[in-house]
Amino acid sequence: MQIQENISLKPYNTFGINATAKHFAPFADVDQLNQLLDLKGTGSPLILGGGSNMLLTRDLDTLVLKNEITGITITGEDENHFYVTAGGGENWHKFVLHCIDHGYAGAENLSLIPGSVGASPMQNIGAYGMELKDIFYQLEAFHIADRQLVHFKLNDCRFGYRDSVFKGKYKNQFVITSVTFRLLKTPKFNITYGAIQQELNAMNINDLSIRAVSQAVINIRRSKLPDPNVIGNAGSFFKNPSVPTEQFEVLKRNFPGIVGFSNGSNYVKLAAGWLIEQCGWKGYRKDDAGCYDKQALVLVNYGGASGTDILALSTEIMHSVEKKFGVLLEREVNII
Ligand code: FAD
Ligand code: EPU
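Residues numbered from 1 in each chain as written. Chains lettered and ligands numbered in written order. Predicted model: local features only at pLDDT ≥ 70, side-chain atom pairs only at ≥ 80, totals over all residues. Heavy atoms only, no water.

Peer 1: An account of the sheet that holds strand E10 (residues 136-143) is needed here, citing residue identities and associated values.
Peer 2: The strand order across the open sheet formed by five strands is E6-E7-E12-E10-E11, and the pairing between neighbours is antiparallel. Both edges of this open sheet fall to strand E6 (72-77) and strand E11 (148-153), since each of them pairs with a single strand only. Pairwise comparison of adjacent strand axes, ignoring direction, gives a mean angle of 25° for this sheet. With seven bridges connecting them, strand E7 (residues 81-87) and strand E12 (residues 174-184) associate as antiparallel partners. (Pairing = 2+ DSSP bridges. Helix = DSSP H or I, 4+ residues; strand = E, 2+ residues; numbered from the N terminus. Axes fitted to C-alpha atoms, helices over the stretch in contact; angles between N-to-C directions.)

Right under this line is the structure:
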């Protein structure tokens, strides 16, 4: 176990930003994590998973610790469920494929989301009609200051839309070391969202299976989202904003094409991609920072953009959306 000095983080973040870490080390278990924290004192370290939801805007003086805790094991079973525990450093999509291979149902709609298992509870990852919370059982996290492992059950995590207690009151306090999922023995298919059914039809699927649903989601995602290995990005840069129903009605009168989804409450969730596209940003490029031409919610790095270039573009986009629609966008990506 060795701390490396002055390491470029370019290979470690999907935006492909070339920031430097003064001290960098991977850890493969809790003991190693504990020892590394001893070596570098009490300053708040940056915990790195797959680097797929962060924008690095500066070189880092603090210790950067890359989670490489692996392992996927069945840790329990009841009449209807398998309880499966995965190390925080496991790749998320690899975990989903493992579930599909073993017939554990429930994770398939979350196929092909980049990043690690350990980061999945951070923003309660979601896609295609599901969120992490729907299959979450508990997690184990290491408290950096107290140096002890703490268990969090579902209610402790305060999961919300792209949100959890780890982004809020416990920000930078814990390292998530493993997550236990509660998966179904008999699948309960969720194929009403977006184009899943349409894609299953195009695939000529007659016998529905979790593998088929996973493949449909993968196909849709590949058609819309840029592959970080080709174009740097961190997925949706902003959250989809919610506005009160009355505000939505006024917006709809002024902008009849506006895209919004009522979630049964007094709020309507707006498609931020539509708002951004209407402001003329879709396909925009300034030097190497841009707004993806197939999905306006995704900001991209064509190669040489810095974190501050991307951040400046995001600020311009936020200002123009606020000016045109009176709606404040909030960044989803963690700005470091
Ligand atoms: P990182 O980027 O490494 O870290 C994110 C944050 O969590 C940082 O603040 C980091 O310090 C912290 N962190 C990481 N690991 C730990 C840990 N073990 N303990 C404590 N803190 C930690 N997200 C969705 O929700 N839905 C999508 O559909 C989706 N699609 C995407 C598509 C693309 C092409 C890309 C590039 C990203 C997409 N994302 C999506 C965002 C991203 O994949 C998820 O947020 C993912 O969970 C991030 O995992 P990571 O390991 O890369 O996190
Ligand atoms: N739209 C446009 N123009 C665009 C993009 C979108 O008009 O350029 C409109 C369209 O009407 C489209 C609607 O927005 O039907 C929704 O677009 P899409 O289905 O692509 O989903 P999204 O709302 O942009 C969200 C998540 C994604 C997740 C998908 C699928 C957020 C912030 N983003 O995107 O998550 O994969 O739904 O469930 O909630 C991420 O968090 O990084 C992410 C990629």
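Peer 1: Which residues make up the pairing of E7, and what are the values?
Peer 2: Most of E7 sits inside the fold, with seven of its seven residues counted as buried. Both E6 and E7 contribute to a ladder of five bridges, which runs antiparallel. Paired with Gly76 across the strands is Tyr83, a residue of E7. (Buried < 20%, exposed > 50% of the residue type's maximum accessible area, 1.4 Å probe, protein only.)

Peer 1: Explain the nonpolar core to me, using residue names and the numbers behind them.
Peer 2: Membership of the largest hydrophobic core comes to 45 residues, with the highest contact counts inside it found for Leu56, Leu270, Leu275, Ile276, Ile310, Ile317 and Leu329. Sort the elements by how many residues they give to this core and helix H8 (residues 307-325) lands first, with six residues. Residue-level mapping places this core at the junction of two domains, with at least three residues from each of domain 1 (4-67) and domain 3 (232-335). Every residue in contact with Ile310, bar those within four places of it in the chain, is listed here: Phe15, Ile17, Leu55, Phe237, Ala289, Leu299, Val300, Asn301 and Ala305. Within the second largest apolar cluster, 43 residues are counted, among which are Ile100, Tyr104, Ala127 and Val213. (Core = buried A, V, L, I, M, F, W, Y, C linked by side-chain atoms within 4.5 Å. Domains from an automatic or database assignment. Contact = heavy atoms within 4.5 Å.)

Peer 1: How would you sum up the site of ligand 1? Please name residues and give values.
Peer 2: Not every one of the 33 residues close to ligand 1 is listed here, only the nearest: Ile47, Ser52, Ser116, Gly126 and Arg221. Between ligand 1 and the protein, one listed contact pairs an oxygen atom with a backbone N or O atom of Gly50 at 2.7 Å. Within the backbone of Asn53, a nitrogen or oxygen atom sits 2.8 Å from an oxygen atom of ligand 1. For the shell around ligand 1, the secondary-structure elements that each account for two or more residues are strand E3 (46-48), strand E8 (126-127), E12 and strand E13 (232-236). Its residues assigned to classes, the shell around ligand 1 shows 16 nonpolar, 15 polar and two charged. (Near = heavy atom within 4 Å. Polar contact = N/O pair within 3.5 Å; in protein donor to acceptor, adjacent residues only side chain to side chain. Nonpolar A, V, L, I, M, F, W, Y, C, P; charged D, E, K, R; others polar.)

Peer 1: An account of the packing of aromatic side chains is requested, with residue identities and associated values reported.
Peer 2: By the definition in use, this model includes 18 aromatic pairs. With a centroid separation of 5.4 Å and an interplanar angle of 50°, the aromatic rings of Trp92 and Phe95 are classed as tilted. One end of the pair is Trp92 and the other is Phe95, both in helix H2 (residues 92-102) and three residues apart, which spans about a single turn. Phe95 carries the same exposure label as Trp92, and that label is buried. Pairing Phe166 with Phe174 gives two aromatic rings, centres 6.1 Å apart and planes at 85°, and the pair type is edge-to-face. Taking the relative accessible area as the measure of exposure, Phe166 reaches 3% and is therefore buried. The ring centre of Tyr302 lies 4.1 Å from the NZ or CZ of Arg285, which sits over that ring. (Phe/Tyr/Trp six-rings, centres within 6.5 Å; stacked < 30°, edge-to-face > 60°. Lys NZ or Arg CZ within 6 Å of the ring centre and 35° of its normal.)

Peer 1: Describe in detail the pattern of salt bridges, supporting the description with residues and values.
Peer 2: In this structure the tally under the stated criterion is ten salt bridges. Across the salt bridge formed by Glu77 and Lys185, the nearest N and O atoms sit 2.8 Å from each other. Note that Glu77 is positioned in strand E6 and Lys185 in the loop between E12 and helix H4 (196-202), a separation of 108 residues in sequence. Judged by relative accessible area, Lys185 falls into the partly exposed class, the value being 28%. One salt bridge connects Glu330 with Lys239, and the closest N-O pair in it is separated by 3.2 Å. Residue Glu330 is located in the loop between H8 and strand E20 (334-335), and its partner Lys239 is located in the loop between E13 and strand E14 (242-244); the two are separated by 91 residues in the primary sequence. You can call Lys239 buried: its relative accessible area is 10%. Within the structure, one salt-bridge network assembled from shared partners comprises Glu131, Lys133 and Asp134. (Salt bridge = Lys/Arg side-chain N within 4 Å of Asp/Glu carboxyl O.)

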